[in-house]
Amino acid sequence: NGSNGSGFEPSSSLATRGFCAVLVNGETRSKDSCNVSDFCNLIDNASMGWIDFIVDDMADVPAAASALGFNEQLVGNLLKSSRSGYEDSGGELGILLPAIIIHGFNVKLNPLIILMRENGIVTLHSTEVKRFSRVRRYAENLMHKMSLSMPQKDRMTVLLNRIIDENNARNFDYLREIEEQGDKM
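Residues numbered from 1 in each chain as written. Predicted model: local features only at pLDDT ≥ 70, side-chain atom pairs only at ≥ 80, totals over all residues. Heavy atoms only, no water.

J.: Explanation requested: the overall build of the chain in the structure shown.
T.: Along the backbone of the chain there are five helices and seven strands. Across the chain, helices and strands are ordered from the amino to the carboxyl terminus as β-β-α-β-α-α-β-β-β-β-α-α. C-alpha atoms of the chain, sized along the principal axes, occupy 55 × 35 × 35 Å. Buried positions account for 44% of the 185 residues belonging to the chain. (Helix = DSSP H or I, 4+ residues; strand = E, 2+ residues; numbered from the N terminus. Buried < 20%, exposed > 50% of the residue type's maximum accessible area, 1.4 Å probe, protein only.)

Following this line, the structure appears as structure tokens:
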């Protein structure tokens, strides 16, 4: 990340809306941007990559997914579900998972959209779902540690597992918070 002439821009407070980490020819790179289309060339040229993008409203998810080359119908079908869902259209896969947010005793389920294709994973979620800062910080290291001799499907599975694990960990953190508040009462 930085001004190394590779076209990657340094992070800024505006740029944290979107994050991309890629593995290209055995080297990892990352980029922050507030525009989802800035990541298209990065992920298209990568052997594997991850884009995490925050939308203002879940109604913006189909347009963001379409800008990244995903089928809008895939995303539309996922968003029809209220809690979780799964769509497989052959070359693309979509998963809808719940992202739990707690404010006092109010529990809110927000959707987390995970889109996959052969060389990349995209996570799309609202501004309320703040859970991938740790994965963003270590994404380059995670990809760098994966052996290039490892089959592509296995590398993508490891990355997907890490993303789902982080979402689950944050969900359980919120559930522990409810338990602690209940104990205090």
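Additional details are given in the paragraphs that follow.
J.: How should the pattern of salt bridges be read in this particular structure?
T.: Working definition: two side chains of opposite charge can pair if their charged atoms are close together. For the structure on display, the rule yields eight salt bridges. Its salt-bridge partner being Arg117, residue Glu92 comes within 4.0 Å of it at the nearest N-O pair. In this pair, Glu92 sits in the loop between strand 4 (85-88) and strand 5 (93-103) while Arg117 sits in strand 6 (residues 106-117), placing the two residues 25 residues apart along the sequence. One salt bridge connects Glu166 with Arg162, and the closest N-O pair in it is separated by 3.2 Å. Linking Glu166 with Arg162, this pair stays in helix 5 (residues 152-184), spanning four residues, or about one helical turn. One network of salt bridges, in which partners are shared, links Arg134, Arg162, Asp165 and Glu166. (Salt bridge = Lys/Arg side-chain N within 4 Å of Asp/Glu carboxyl O.)

J.: What exactly am I supposed to notice about the confidence of the model for the chain here?
T.: Detailed reading of the predicted model is not advised wherever pLDDT is low. Summary statistics for the chain give a mean pLDDT of 85 and a share of 92% for residues scoring 70 or more. This model gives residues 1-14 a pLDDT under 50, and the stretch forms 17 contacts once residues within four places in sequence are excluded. (pLDDT = per-residue confidence, 0-100. Contact = heavy atoms within 4.5 Å.)

J.: Can you help me understand the sheet that holds strand 5 in this one?
T.: Strand pairs in the sheet, formed through backbone hydrogen bonds, run parallel or antiparallel to each other. With mixed pairing, the seven strands of this open sheet are ordered in space as 2-1-3-7-6-5-4. The two strands at the open ends of the sheet, each matched to only one other strand, are strand 2 (27-33) and strand 4. This sheet shows a mean twist of 15 degrees between the axes of neighbouring strands, independent of strand direction. Helix 5 contacts strand 1 (18-24), strand 3 (48-55), strand 5, strand 6 and strand 7 (120-126) of the sheet and is inclined by roughly 20 degrees relative to strand 5. (Pairing = 2+ DSSP bridges. Axes fitted to C-alpha atoms, helices over the stretch in contact; angles between N-to-C directions.)

J.: Where do I start with the side chain of Arg155 in this structure?
T.: Within the secondary structure, Arg155 is located in helix 5. Notably, Arg155 is buried but unbridged: the nearest opposite-charge side chain belongs to Asp154, and the N-O separation is 8.2 Å. Side chain to side chain, Arg155 and Gln152 meet in a polar contact 2.8 Å long. Contacts of Arg155, omitting those with residues within four sequence positions, involve Leu23, Ser47, Met48, Met146, Ser147, Leu148 and Met150. (Lys, Arg positive; Asp, Glu negative; His and termini not counted. Polar contact = N/O pair within 3.5 Å; in protein donor to acceptor, adjacent residues only side chain to side chain.)

J.: Could you clarify how one ought to interpret the environment of Leu159 in this entry?
T.: Its location among the elements puts Leu159 in helix 5. Remark: the alpha-carbon pair of Leu159 and Arg29, spanning 130 residues in sequence, is separated by 15 Å.

J.: Got a minute to help me understand the nonpolar core in this structure?
T.: Most often, soluble globular proteins keep nonpolar side chains buried together rather than apart. In this structure, Leu68, Ile113, Leu115 and Leu124 are the most contacted members of the largest nonpolar core, which totals 26 residues. Sorting the residues of this core by element identifies strand 1, helix 1 (40-44), strand 3, helix 2 (61-67), helix 3 (72-79), strand 6 and strand 7 as the ones contributing at least two each. Judged by nonpolar contacts, the second largest core, of 23 residues, contains Ala99, Ile114, Ile121 and Leu159. (Core = buried A, V, L, I, M, F, W, Y, C linked by side-chain atoms within 4.5 Å.)

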